[in-house]
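Below are the chains, spelled out letter by letter.
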Amino acid sequence: MTSESERAREEFFSEAQEIVEGLGRDLLALDEAQKAGHVDPDLINDVFRAVHTLKGLAGLFGATRMSSLSHKLEELLDDLRLGKVNVTAPVLDLLFLSVQLYGKLLQAEKEGRDQPMPELEKLLTQLDRGAGAGGTAGNGGHIIDPNLLAVLTEFEEHKLKTNIAQGNTLYRLKIRFQLATIDQGLDELKATAKPHGDIITYLPANDGDDLDSITLEILMGSRASATTLRNALHHLGVEVEELPRQGGGPVPAPAPAPAPVQTHHIPTPTPSPPPVAPSHAPSAMPPLGHTPLDMTAPHPFPAPRLDAGASIPPKAQELGTIKSVAQTVRVDIQKLDVLMNIVGELSIVRTELERLLEKMRDAHTNRELRINLHRLQRDFERNVISLRRGILEVRMVPLGQVFDKLARVARQISREAGKQVNLVITGAETEVDKLIVEELSDPLMHMMRNAIDHGIEEREIREAVSKPAVGTIALNAFQKGNHVVIEIEDDGKGIDTERLLEKAIRMGVVQADEARTMSRREVLNLIFVPGLSTKAAVSEISGRGVGMDVVKTNISKLGGVIDVQSEPGIGTKFTVTLPITLAIISALIVKVSDQQFAIPLANVQEAVWLDAEAVRVIDGREAVTLRGSTLQLCYLARLFGLSDTPDTVGTGPFGSGFDASPMSPMSHAPGVPPRGSLRSESIRQDYAAAAFPYRPASGSSPSARTALAPRQKRRFIVVTAVGTRRLGLVVDSLVGEQDVVIKGLGPSLKNVAGFAGATQLADQRIALVLDAPALVEEMFAHADRARMHGGTHGF
Amino acid sequence: MASNLARRTSSSAVVPAAAGTKRKKAQRDRGPITEYLAFRLAGDVYAAPVSIIREILKLHPLTPVPRAPASIMGIISVRGQLVTVIDLRRRLRLAEGPVTSKARILLVDPMGVELLGLYVDEVLQVYRLADSEIEHTATALGGEVASYIAGIARPAQAQATPQEGKGVALKSVGVVRQNASVIILLDLKVVLSS
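As the structure is a prediction and not an experimental result, all values here were calculated from the model.

Here we take up the overall build of chain B. The helix and strand tally for chain B stands at 7 helices and 11 strands. Buried positions account for 39% of the 194 residues belonging to chain B. For chain B, restricting intrachain contacts to residue pairs at least 6 apart in sequence, the fraction spanning at least 24 positions comes to 68%.

Pasting the structure below:
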């Protein structure tokens, strides 16, 4: 039972989370609209609805703080909706603040914490005050026909009043829709009419008794003249009639002919397909607004619209949410992992089947049977593959989720920093693995902060160098092969490389003489070194103790790389390249001392034959020259403390012969060399003096292999590249390429560096997946230091 | 997959009605009863509460993890899930004999954060131990006792009416009775958190 209520709770959290995210989006749109000077009442209504749903949810789950926040917000929003309070920047600030607080409250609720939240109290009192502070909108004192008022909801009435107050002319549009295409028709009409004015209400008209069509009368307020409107809407077959001012006469005629006649019009109440995006159809009364077919049901049409705050029929809202739930299913990502595990098992069954088939072929069994089985096996294989693809697709979410968050942050920061920033987002629909999206938001957030805080200059400075006063930050995402690229680009002042270098020298990261020979690119990359932040005075916004080094680490944990470009006075661009999914990767399977390892192909540049003669020892580390540049080597067997003689039997992991053999596999454990030992004399001799026949480093022709003395070990260099750094991993043999499902190692192994996880290979054996970025980092952390003191080796 | 073992052993323990009532009476005298799974490590008998043991596995092919702490034997895959296997002998600093076909891996999740495999030399049997049969280490041994030892049991009654948990390998019950004069009860939480 508990599990059921827990599940319900989880549902609550994910649903609330979703609503809060949507709320943030709507607020951003509202913010835009407010800046543009024209606030779309539909938008406010969307926000109101979201908060209302949240209130209901919170009440249901006893999240009292959330529901009291929702309640207060609802009051404010209702006032906004009804025009009692104007949408202003301070009001929007309050709303944005509440979105933030919702996030915090949800988190606290989830963790079962109940600590006091002073900011909530503060917001609540602000909301109390804010409700009265916005300044009220006048309604112009127009006399409106009571007949008309009787049919309108309060919200519609407000819209009507606003239109009158703005001096807009009221029009009655008449249009006939075919029932089959009414949804498209209405959408088209709305889209066409929108630029010209505000649709106040839709009312069904009673004329003719055509069973296949329906005529709607639409009340609309517009600044445009009747002729303009007529021309604009002419192609849709709309009749436009101007209504006299001052409420003279029978404004919208259809009032006397409500529901019953409609029933006649639509004999079979075939439910119209729900509108694709609810935000497109946001009238206060959804049944009226976008699904006129619903009017077949006897509606409480002219009746309930009396007291404030209850002008949205709760029923209709519930219907709205049920619809959205029915079309999407929220799934815990762990459940997908379980499914992925099963697919993994199925793949193993598949290989087993293949093996059996192979055996049957050798055994000369019934040919027909064999062919049938073969066909079956192929079908099975195909289905397993599409199942796997399907699961992967489910894990994909659009980057828009993070981008929305970023846009909110950008708005907040730019206000705090007193800078005007225009955020341009492209490619928000680009899809990435859910887990990546989750992990991405912090690094991106930090970069966004940097861009606004350090990148974009103060307004005066911008104007002084004749840049547009409003800074621009472009957030682009696009897919590139198996990767997704995200760019954050600002048109600010660029990174001050001189200051960066100066600081790096002062901190001892770079030697002064070395600094002279460093390329601009190298200097820029210093920004990823811990502790190097260009701004002398740490500002309140970026000074949170997180540097670009942390950003880089987080990105590389996701298997991604980050790069920076910057031009002084023009701007800075950070480019993040990420794999699309973490669940499945292509990997190169290699063998080291009889143990198999997987190296993500994303990190592999090439694999070449190792020529031990070509190995040079420079300052204690081995390197070869490959394609004209130096490649540092890392002997995996040595790094992992595995036996260096792969040919000897019995050093392998617990194999099939496990029961009989003594406990050898753990004998390697103490052999992990400390970092410093790489420079030790004995190792240098071991490898430098090893008697391998001479061969160029890149040579791996078959003839070269056959020339080997039989006892000699054949080894390979797998060239891994992370960013601009390359490292040659020396392995005993290459097994092949394979798509593997990476599974994380348990918490008990979290301190073991160098592995990104493990994967089950087709033969049931487990191979550890190398964490190439970490290995490169590890080897180079050392190398960097060596390089700085070196330079005498003439490389 | 959740403690099949516990269910199986407890249900098999209530079979004869007469014995059941007798036991109930005995239980009242001896205090609450806990079931312990006994296993052998380096020749000695240890036990841990059955309730935390999810499953007993034969030895899987193990993949050693380089650079891992010495007491970690490697990882195995249990129905697609990766499980870290810990060598209890190393954890407890015991002697390491050869691995035989009797060796087993106990799947446990004492902390509720990670499913772990524990290597043991041999799985023996399930004991139902009353509190009164357990000596607490402080009184039994005095002085400083390793904190992972939860107690010591001398299960006289339990040996007289051995609970033959059918799901558990019990090939060597006879041997057990001779050797199991002392059972060291382990506090796995302490063992595994160190």
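Residue and element names in this part refer to chain A. In space, the 5 strands of this open sheet follow the order β20-β12-β13-β22-β21, with mixed pairing throughout. A single partner strand is all that each edge strand has here, and the edge strands are β20 (733–741) and β21 (755–760). In this sheet, neighbouring strand axes are inclined to one another by 35° on average, regardless of whether the strands run parallel or antiparallel. Bridge analysis of strand β12 (residues 584–592) against strand β13 (residues 595–600) gives 6 bridges, and the strand direction is antiparallel. Pairing of Val590 across the sheet is with Phe597, part of β13.

As a further point, take helix α2 (residues 41–60) of chain A. Residues and elements named next belong to chain A. Here α2 spans 29 Å end to end across 20 residues, near enough to the 28 Å set by a 1.5 Å rise per residue. By the criterion of burial, α2 is predominantly enclosed, with 17 of the 20 residues buried. Where α2 terminates, the next one or two residues include Gly62, which has phi positive at roughly 65°.

The axes of two packed helices give the description: the angle between them and the distance between them. All names here are of chain A. The contact between helix α3 (residues 64–81) and helix α4 (residues 89–110) brings their axes to 10 Å, and the two run at 165°. Classified by the interaxial angle, the pair formed by α3 and α4 is roughly antiparallel. Between α3 and α4 lies a crossing of left-handed hand. Contact residues: α3 offers Arg65, Met66, Leu69 and Leu73, while α4 offers Ser98, Leu101, Leu105 and Glu109. When its residues are assigned to classes, the contact of α3 with α4 shows 5 nonpolar, 1 polar and 2 charged.

Strand pairs in the sheet, formed through backbone hydrogen bonds, run parallel or antiparallel to each other. Residue and element names in this part refer to chain A. On the basis of which strands lie adjacent, the open sheet formed by 5 strands has the order β6-β8-β9-β11-β10 and mixed pairing. Whereas interior strands pair on both sides, the edge strands pair on one side only; in this sheet they are β6 (421–426) and β10 (561–567). The sheet shows a mean angle of 15° between the axes of neighbouring strands, taken without regard to direction. Pairing between strand β9 (residues 483–490) and strand β11 (residues 571–579): 8 bridges, direction antiparallel. Bridge assignment links Ile486 to a residue of β11, and that residue is Val576. Across the face of the sheet, helix α15 (residues 400–417) comes into contact with β6 and β8 (471–480) while running at roughly 170° to β6.

UniProt feature "modified residue: Phosphohistidine" (unreviewed entry): in the numbering of this structure it lies at A:His52. By the C-beta count within 10 Å, which is 20 here, A:His52 ends up buried.

This brings us to the confidence of the model for chain B. Residue and element names in this part refer to chain B. In this model, chain B carries a mean pLDDT of 74, and residues with pLDDT of at least 70 account for 66%. Contacts for the low-pLDDT stretch residues 1–20, under 50 throughout, to residues beyond four places or in other chains number 31 contacts. In this model, residues 157–180 is a region of pLDDT below 50 whose contacts with residues beyond four sequence positions or in other chains number 40 contacts. With pTM at 0.47, the complex prediction returns an ipTM value of 0.73.

Turning next to the nonpolar core. Counting 144 residues, the largest nonpolar core has A:Ile599 and B:Ala47 as its most contacted members. Top contributing element to this core by residue count: helix α16 (residues 434–455) of chain A, with 8 residues. Both domains that meet at this core, namely domain 4 (399–579) and domain 5 (584–789) of chain A, each give it at least three residues. Contacts of A:Ile599, omitting those with residues within four sequence positions, involve A:Ala587, A:Leu588, A:Val590, A:Val604, A:Val718, A:Thr720, A:Leu729, A:Leu770 and A:Ala772.

Our next topic: the packing of helix α13 (residues 333–362) of chain A against helix α14 (residues 367–395) of chain A. Residue and element names in this part refer to chain A. Viewed as axis vectors pointing N to C, α13 and α14 meet at an angle of 160°, and their least axial separation amounts to 10 Å. With respect to their mutual orientation, α13 and α14 come out roughly antiparallel. Where α13 crosses over α14, the two elements pack in a sense that is left-handed. Partitioned by chemical class, the residues of the contact of α13 with α14 number 15 nonpolar, 3 polar and 7 charged.

Residues and elements named next belong to chain A. Inspection of the secondary structure puts Glu416 in helix α15. Classification of Glu416 as partly exposed rests on a count of 13 C-beta atoms within 10 Å. For Glu416 and Asp453, which are 37 residues apart along the polypeptide, the C-alpha to C-alpha distance reads 9.6 Å.

The rules behind these values
Residues numbered from 1 in each chain as written. Chains lettered and ligands numbered in written order. Predicted model: local features only at pLDDT ≥ 70, side-chain atom pairs only at ≥ 80, totals over all residues. Helix = DSSP H or I, 4+ residues; strand = E, 2+ residues; numbered from the N terminus. Buried ≥ 20, exposed ≤ 12 C-beta atoms within 10 Å, placed from the backbone. Contact = placed C-beta atoms within 7 Å. Pairing = 2+ DSSP bridges. Axes fitted to C-alpha atoms, helices over the stretch in contact; angles between N-to-C directions. Expected span 1.5 Å × (residues − 1). Parallel < 35°, antiparallel > 145°, perpendicular 65-115°, else oblique. Left-handed = near helix turned anticlockwise from the far one by under 90°. Nonpolar A, V, L, I, M, F, W, Y, C, P; charged D, E, K, R; others polar. UniProt positions renumbered as here; feature names shortened; annotations may be inferred. pLDDT = per-residue confidence, 0-100. Core = buried A, V, L, I, M, F, W, Y, C linked by C-beta atoms within 7 Å. Domains from an automatic or database assignment.

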